[in-house]
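# Working through the structure, step by step
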Amino acid sequence: MVAALPFLLSNGAAGLVMGLTYKGLGLGAAHAILFSLLVYSATAQAITLSMWASPLPIVAMVVACIATNSRYLLMGAHLRQLFGGLAPRKMLPTLFLLADASWLMTSSDADRNGPDAGYLLGSSIPMAVGWVGGTALAYAAPLAANGPLRLAAALLPTMFIATLLPSQWKNVRSPWPWLTSAVAALLVARFGDPRWSMLIGGGCGTLVSMMERSDA
Amino acid sequence: MHDLQLLGVICILGVTCYAMRAGGYVLAASMRDDSIAGRFLRLAPGNLFIAFIVGGCLSGGPAGLVGTVVALVTMAITAREWAALGAGFGAALAASTIGW
């Protein structure tokens, strides 16, 4: 949990920006907080916000949530490899709090210290508290989404994941998979839909890893 | 918009998102460790890290790129996350202030 404390700040700032947007849209505090608590996905919440209309296009919103959150299928399947020995009644509630960063941190920690489901839960809690708390704060305090706040919300998650790279580099046998991931993600983000850059870029790099290794 | 209708939409979207989070875990129960999909999943994390960072740097603009590079270099030198994040955010804020 301590390792993920910086996310209390970054997710708090991002949740605050999201809350201010909900507030501007006329949503009440209870609905906005419930949105952040139950949906708990910046991409899904942002895309459903962009589709906001009366009446609400529910089917289109559900399809958009599935499309933007399909990466969680891959993350969940990977977590099964790490924690397959645990009872589903322990893992399934924890997955409610699964986020990109908590999965990335848990994967990195599993490489260093072995699988630990407690690490997944512990790293997820500050992120969720920050996100939901930030949304609530938007209604409780007279705040505006200013420069440093927006900057912290946008950049800290990327910077935090960048700090995990040196430990990951130790397991890398050649630079080609990472280069492939970077180039593919760049192309998808630049010429396609940025929301797919992580999944497609990472998928391309992983295919190169599979072609290079016969035993991993 | 009716409160109850809004509540229903939030619940539907919440269930959809949870289904995506838990779906991969549940479906993977039928997958063998030595299968192609199993190998793919074992090798995926580092590559996804890189793709995540590239996407984040692009959306953050030059200030994001500067901050991420400074955070990465500081982490490689000091092995301290708080130092890396502080240096990275400071660099991004400075870059943003001068109009990058």
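Here the structure is a predicted model, which is why all the values come from computation and not from measurement. (Residues numbered from 1 in each chain as written. Chains lettered and ligands numbered in written order. Predicted model: local features only at pLDDT ≥ 70, side-chain atom pairs only at ≥ 80, totals over all residues. Heavy atoms only, no water.)

All names here are of chain A. Tallied over the entire structure, the rule returns one salt bridge over all chains. For Asp100, the salt bridge is made with Arg71, and the minimal N-O distance between the two is 2.7 Å. Here Arg71 lies in helix H5 (residues 71-83) and Asp100 lies in helix H7 (residues 100-113), a separation of 29 residues in the sequence. For Asp100, a relative accessible area of 14% corresponds to the buried category. (Salt bridge = Lys/Arg side-chain N within 4 Å of Asp/Glu carboxyl O. Helix = DSSP H or I, 4+ residues; strand = E, 2+ residues; numbered from the N terminus. Buried < 20%, exposed > 50% of the residue type's maximum accessible area, 1.4 Å probe, protein only.)

The next point concerns the packing of H7 of chain A against helix H8 (residues 117-140) of chain A. Residue and element names in this part refer to chain A. Between H7 and H8, whose axes approach to 9 Å, the crossing angle comes to 150 degrees. Put simply, H7 runs roughly antiparallel to H8. When you trace H7 past H8, the crossing you get is right-handed. The residues of H8 that touch H7, namely those facing Ala101, Ser102, Met105, Thr106, Asp109 and Arg112, are Tyr119, Leu120, Ser123, Ser124 and Met127. Residue composition of the contact of H7 with H8, grouped by class: five nonpolar, four polar and two charged. (Axes fitted to C-alpha atoms, helices over the stretch in contact; angles between N-to-C directions. Parallel < 35°, antiparallel > 145°, perpendicular 65-115°, else oblique. Left-handed = near helix turned anticlockwise from the far one by under 90°. Contact = heavy atoms within 4.5 Å. Nonpolar A, V, L, I, M, F, W, Y, C, P; charged D, E, K, R; others polar.)

Turning our attention to helix H3 (residues 81-97) of chain B. All names here are of chain B. Look at H3: 24 Å from first C-alpha to last across 17 residues, which is about the 24 Å you get at 1.5 Å a residue. Within H3 the residues assigned to the buried category are Ala83, Ala84, Leu85, Gly88, Phe89, Ala91, Ala92 and Ala95. A positive backbone phi angle near 95 degrees is found at Gly99, which sits one or two residues after H3. (Expected span 1.5 Å × (residues − 1).)

Within helix H4 (residues 58-68) of chain A, burial applies to Met61, Val62, Ala64, Cys65 and Thr68 of chain A. Along the axis of H4 of chain A, the buried residues cluster in a sector spanning 160 degrees; they form a single face. (Arc of directions from axis to C-beta.)

This part is about the side chain of Thr206 of chain A. Looking at the secondary structure, you find Thr206 of chain A in helix H12 (residues 197-212). The class of Thr206 of chain A is buried, set by a relative accessible area of 0%.

Right, let's talk about the interface of chain A and chain B for a bit. Facing 84 residues of chain A, the contacting portion of chain B comprises 63 residues. Of the roughly 6,600 Å² buried between chain A and chain B, counting both surfaces, carbon and sulfur atoms make up 79%. For the pair chain A and chain B, the interface holds 10 residue pairs in polar contact (both at pLDDT 80 or more). In terms of residue class, the side of chain A that touches chain B is made up of 56 nonpolar, 24 polar and four charged. (Buried area = accessible area lost by both parts, 1.4 Å probe. Polar contact = N/O pair within 3.5 Å; in protein donor to acceptor, adjacent residues only side chain to side chain.)

Residues and elements named next belong to chain A. Along its sequence, chain A is carved into domain 1 (2-169) and domain 2 (172-216). Counting from both sides, the interface comprises 10 residues of domain 1 and, opposite them, seven residues of domain 2. Of the roughly 850 Å² buried where domain 1 meets domain 2, counting both sides, 79% is carbon and sulfur surface. One can count zero salt bridges joining domain 1 with domain 2. Linking domain 1 to domain 2 there are zero residue pairs in polar contact (both at pLDDT 80 or more). Elements that contribute at least two residues to the side of domain 1 that touches domain 2 include exactly H4, H5 and helix H10 (165-169). (Domains from an automatic or database assignment.)

A few words on the packing of helix H11 (residues 176-191) of chain A against helix H2 (residues 36-78) of chain B. The angle between the axes and the distance between the axes are what describe a pair of packed helices. H2 of chain B packs onto H11 of chain A with a crossing angle of 35 degrees between their chain directions and a minimal axis gap of 8 Å. Between H11 of chain A and H2 of chain B lies a crossing whose hand is right-handed. Where H11 of chain A abuts H2 of chain B, its residues Pro177, Trp178, Ser181, Ala182, Ala185, Leu186, Ala189 and Arg190 of chain A lie against Gly46, Asn47, Ile50, Ala51, Val54 and Leu58 of chain B. Its residues assigned to classes, the contact of H11 of chain A with H2 of chain B shows 10 nonpolar, three polar and one charged.

Per the UniProt record, the feature "transmembrane region" (unreviewed entry) sits at residues 6-28 and 48-76 of chain B. With 96% helix and 0% strand, residues 6-28 of chain B has its two end C-alpha atoms placed 34 Å apart. (UniProt positions renumbered as here; feature names shortened; annotations may be inferred.)

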